[in-house]
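# Structure at a glance
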Amino acid sequence: MNNKNISAQYELAKEQFAATGVDTDKALNTLQNVEISMHCWQGDDVIGFEESDQGLSGGIMATGNYMGRARTADELRADYEKAFSLIPGKQRANLHAFYLETNGKRVERDEIEAKYFENWMQWAQEQGISLDFNPSMFSHPKAEGYTLASYDKGIRDFWIEHGKRSREIGAEMGKRQGNPCVINHWMIDGSKDAPVDRFARRQLFAKSMDEVLSKKISKDYLLDSIESKLFGIGLESFTAGSNEMCLGYALTRDIMVTFDLGHFHPTESVADKISSTLVYMDKILLHTSRGVRWDSDHVVLQNDDLALLMEEVVRADALSRVCIALDFFDASINRIAAWVIGTRATQRALLSALLEPTEKLKELERSGDTTSRLALLEEHKNMPVNAVWNYFCEKDGVPVGSAWLNEVKQYEKNVLDGRI
């Protein structure tokens with residue numbers, strides 16, 4: 001579509017939404033300022049840049065062998081830049097600790113320092129983006145089943161130190177970029193078969209996390225969050241960091257909790273957790289992902305789960321209290337396309353929620369007119385959200401519709417084909 005058609009369709013859509021009491025310009029201005037944290041591990045299949053031959057472990061699996069995987073930090077940053085150029089709005093880059101750069105030196109995870117992420121911080125400044133960070137408590141010889149909840153004090157101390165150093169790195173990122181770095185604490189801790197003493201494991205888990213968080217760091221620089229998980233491959237029967245464990249821990253330690261769309265029972269509503277949690281917590285972290293029958297980390301799409309999640313955030317007027325990040329990895333398709341599909345899907349779901357006549361719906365609900373509420377909700381599903389989205393992309397100077405795919409294919413031909 002040409003610019004004239006995009007603008008004309010937007011004006012028509014604007015009139016239709018105005019008739020329902022929705023200001024599309026205001027919705028786009030809000031969307032423009034929502035940062036989506038794009039995860040680095042999609043670009044290289046969760047391998048990282050440690051000088052190690054340790055394979056992927058800890059209940060995680062990247063399937064597929066599509067060509068063009070980023071093999072170095074420079075390649076990963078170049079791929080990030082290509083993806084950024086195809087996505088409207090604002091993005092952040094989300095790093096795991098084992099994406100450090102050491103110039104060939106083997107650095108253990110309990111020895112990591114901010115200097116090993118200097119290139120990332122300089123790059124982020126050049127790109128005009130901010131960074132988020134994660135300790136990497138998996139894919140390591142000392143991460144066989146348990147880390148912070150290990151009975152072995154030496155194992156616990158190793159990962160406690162890793163967690164402490166990760167927070168220091170995140171704080172340095174926050175200072176440099178002028179806004180808080182969000183650090184997400186997730187660890188594999190669990191077992192294939194049901195343990196007898198779950199209580200002891202969770203006591204160790206909480207005690208170790210307390211040590212990780214023992215240094216007080218200003219929330220101006222660092223926001224801590226803890227992520228629960230239902231199960232993982234080889235950890236089917238028990239995870240120390242269950243939803244109840246992590247939610248209780250976060251509430252009592254004044255940190256955020258992380259809700260991942262793939263980390264719960266398939267029939268459990270993650271969206272319903274937003275309002276109930278925000279009654280008690282200042283902020284939470286969301287991971288948009290897509291589980292297929294289990295926590296399979298498929299590329300997130302505009303499905304019902306994502307739509308409901310974003311609707312709850314907007315209806316609770318909680319955008320300023322929610323951090324949004326992506327968490328999936330698919331090695332069977334073009335990895336840059338996966339970033340673009342997932343980020344744009346997340347943004348489109350959020351835009352649809354922003355264009356909902358929420359105040360009108362709340363008025364009807366409070367007056368008891370649930371018939372009209374249901375009717376308006378159904379009508380909203382067929383409103384011209386896509387015309388508003390196309391205008392947003394065009395205004396931001398990124399490809400409209402599926403035109404971005406042509407650029408990805410050209411990049412694949414010019415750059416990715418050369419990676420063997």
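Located above this text is the structure these notes cover.
Residues numbered from 1 in each chain as written. Predicted model: local features only at pLDDT ≥ 70, side-chain atom pairs only at ≥ 80, totals over all residues. Heavy atoms only, no water.

### Things to note about empty space enclosed by the protein
To keep it simple, the criterion reads: Here a cavity denotes a set of grid points, spaced 1 Å apart and computed over the protein atoms alone, in which a 1.4 Å probe fits but from which it cannot get out, and a pocket denotes an open set meeting protein on both sides within 12 Å along at least five of seven lines; residues with an atom within 4 Å of a point are reported as lining. Grid points are joined across faces, edges and corners, and a volume is the space filled by probe spheres set on the points. Under the grouping applied here, Gly and all other residues not named as nonpolar or charged are polar, the nonpolar ones being Ala, Val, Leu, Ile, Met, Phe, Trp, Tyr, Cys and Pro and the charged ones Asp, Glu, Lys and Arg.
This model, assessed by the stated rule, comprises 3 cavities of 30 Å³ or more. Quantified by volume, the largest cavity comes out at close to 250 Å³. Looking at the largest cavity, it is lined by 22 residues, and the ones nearest its centre are W41, I60, W186, D327 and F329. By residue class, the composition of the lining of the largest cavity is 9 nonpolar, 7 polar and 6 charged. Each pocket or cavity is described by its volume, and for the second largest cavity that value is around 50 Å³. Looking at the lining of the second largest cavity, its residues break down into 5 nonpolar, 4 polar and 3 charged.

### What about the pattern of salt bridges?
A pair can form between side chains of opposite charge whenever their charged atoms are brought close. The condition is simple: For this analysis, a salt bridge means a side-chain nitrogen from Lys or Arg found within 4 Å of a carboxyl oxygen belonging to Asp or Glu. Throughout, exposure labels follow a simple rule: accessible area from a 1.4 Å probe, protein chains only, divided by the maximum for the residue type, with under 20% read as buried, over 50% as exposed, and the rest as partly exposed.
Enumeration over the complete set of coordinates arrives at 28 salt bridges. Two residues, K381 and E378, come together in a salt bridge whose shortest N-O distance is 2.5 Å. K381 sits in the exposed class, given a relative accessible area of 59%. A single salt-bridge network, built from bridges that share partners, covers R71, E75, D79 and R419.

### Some points on the environment of V182
Note the cut-off: In DSSP terms, a helix is any run of H or I states spanning at least four residues, a strand is any run of E spanning at least two, and both are numbered starting from the N terminus. Contact between two residues is taken to exist if any of their heavy atoms lie within 4.5 Å; hydrogens are not considered.
Tracing the backbone through its elements, the reader meets V182 in strand β4 (residues 181–185). Residue classification places V182 among the buried positions, given a relative accessible area of 9%. When the C-alpha atoms of V182 and D396 are compared, they prove to be 26 Å apart, with 214 residues separating the residues in sequence. Beyond its immediate chain neighbours, meaning those up to four positions away, V182 contacts D132, F133, L223, M256, L285 and C323.

### Description of the packing of helix α1 (residues 3–18) against helix α13 (residues 385–396)
Inclusion rule: Orientation is described by axes fitted as lines to C-alpha atoms, over the contacting stretch for helices, and by angles from 0 to 180 degrees between their N-to-C directions. In these notes the angle categories are as follows: under 35 degrees is roughly parallel, over 145 is roughly antiparallel, 65 to 115 is roughly perpendicular, and the rest is oblique. We call a crossing left-handed when the near helix sits turned anticlockwise from the far one by less than a right angle, and right-handed when that turn is clockwise.
α13 packs onto α1 with a crossing angle of 135° between their chain directions and a minimal axis gap of 8 Å. As judged from the angle between their axes, α1 and α13 are oblique. Where α1 crosses over α13, the handedness of that crossing is left-handed. Residues N3, I6, S7, Q9, Y10, A13 and F17 of α1 pack against V385, A387, V388, N390, Y391 and E394 of α13. Along the lines of polarity and charge, the residues of the contact of α1 with α13 split into 8 nonpolar, 4 polar and 1 charged.

### Focus: the packing of helix α10 (residues 335–354) against α13
Closest axis-to-axis distance for the α10/α13 pair is 10 Å, and the angle between their directions is 125°. With respect to α13, the element α10 is oriented oblique. Judged by the sense of rotation from one axis to the other, the crossing of α10 with α13 is right-handed. Across the interface between the two elements, R344, Q347, R348, L351 and S352 from α10 touch V385, N386, V388, W389 and C393 from α13. The class makeup of the residues in the contact of α10 with α13 is 5 nonpolar, 3 polar and 2 charged.

### Examining the side chain of S225
Filter applied, for reference: As used in this structure description, the phrase polar contact means that two N or O atoms lie within 3.5 Å; if the pair is within protein, one of them must be able to donate a hydrogen and the other to accept it, and residues adjacent in sequence are counted only when both atoms belong to side chains.
Assignment of secondary structure puts S225 in strand β6 (residues 222–227). One polar contact links the side chain of S225 to the main-chain carbonyl oxygen of M256, over a distance of 3.3 Å. Setting aside anything within four residues of it in sequence, one finds S225 in contact with I183, N184, H185, M256, V257, T258 and L285.

### Quick word on the pairing of strand β1 (residues 35–39)
Walk down a regular strand and you will see the side chains alternate between the two sheet faces. Definition in use: Only when DSSP finds a minimum of two bridges between them are two strands counted as paired.
Most of β1 is tucked away, with 4 of its 5 residues classed as buried. Pairing of β1 with strand β2 (residues 90–96) involves 5 bridges; the strand directions are parallel. Directly across from M38, in β2, lies its bridge partner A93. In this sheet, strand β10 (residues 322–326) lies alongside β1 in parallel orientation, the contact comprising 2 bridges. Each residue of the ladder has a partner; that of S37, found in β10, is A325.

### Considering the side chain of D297
Selection rule: The charge count includes Lys and Arg as positive and Asp and Glu as negative, but it does not include His or the ends of the chains.
As for its placement among the helices and strands, D297 is situated in the loop between β9 (284–288) and α9 (304–315). Buried and unpaired, D297 has no salt bridge, with K229 as the nearest side chain of opposite charge at 5.4 Å. In terms of polar contacts, D297 uses its side chain to reach the side chain of S289, at 3.4 Å. Non-local contacts of D297, meaning those with residues more than four positions away in its chain, are made with S289, R290, D327, F328 and F329.

### Looking at α1
Rules: A helix is expected to span 1.5 Å for every residue after the first. Think of it as the arc spanned by the lines of direction from the helix axis to the C-beta atoms.
Taking 1.5 Å of rise per residue, 16 residues should cover 22 Å, and α1 covers 22 Å from first to last C-alpha, within 8% of that figure. The complete set of buried residues in α1 reads I6, Y10, A13 and F17. In an axial view of α1, the angular spread of the buried residues amounts to 70°, which keeps them on one side of the axis. Across from the buried face of α1, at angles greater than 90 degrees, the exposed residues are K4, L12 and E15. Among the structural elements, α2 (24–32), α12 (370–380) and α13 are those in contact with the buried residues of α1. Its side-chain oxygen placed 3.1 Å from the backbone nitrogen of K4, N2 serves as the N-cap of α1.

Distances and angles like these do not, on their own, reveal function.
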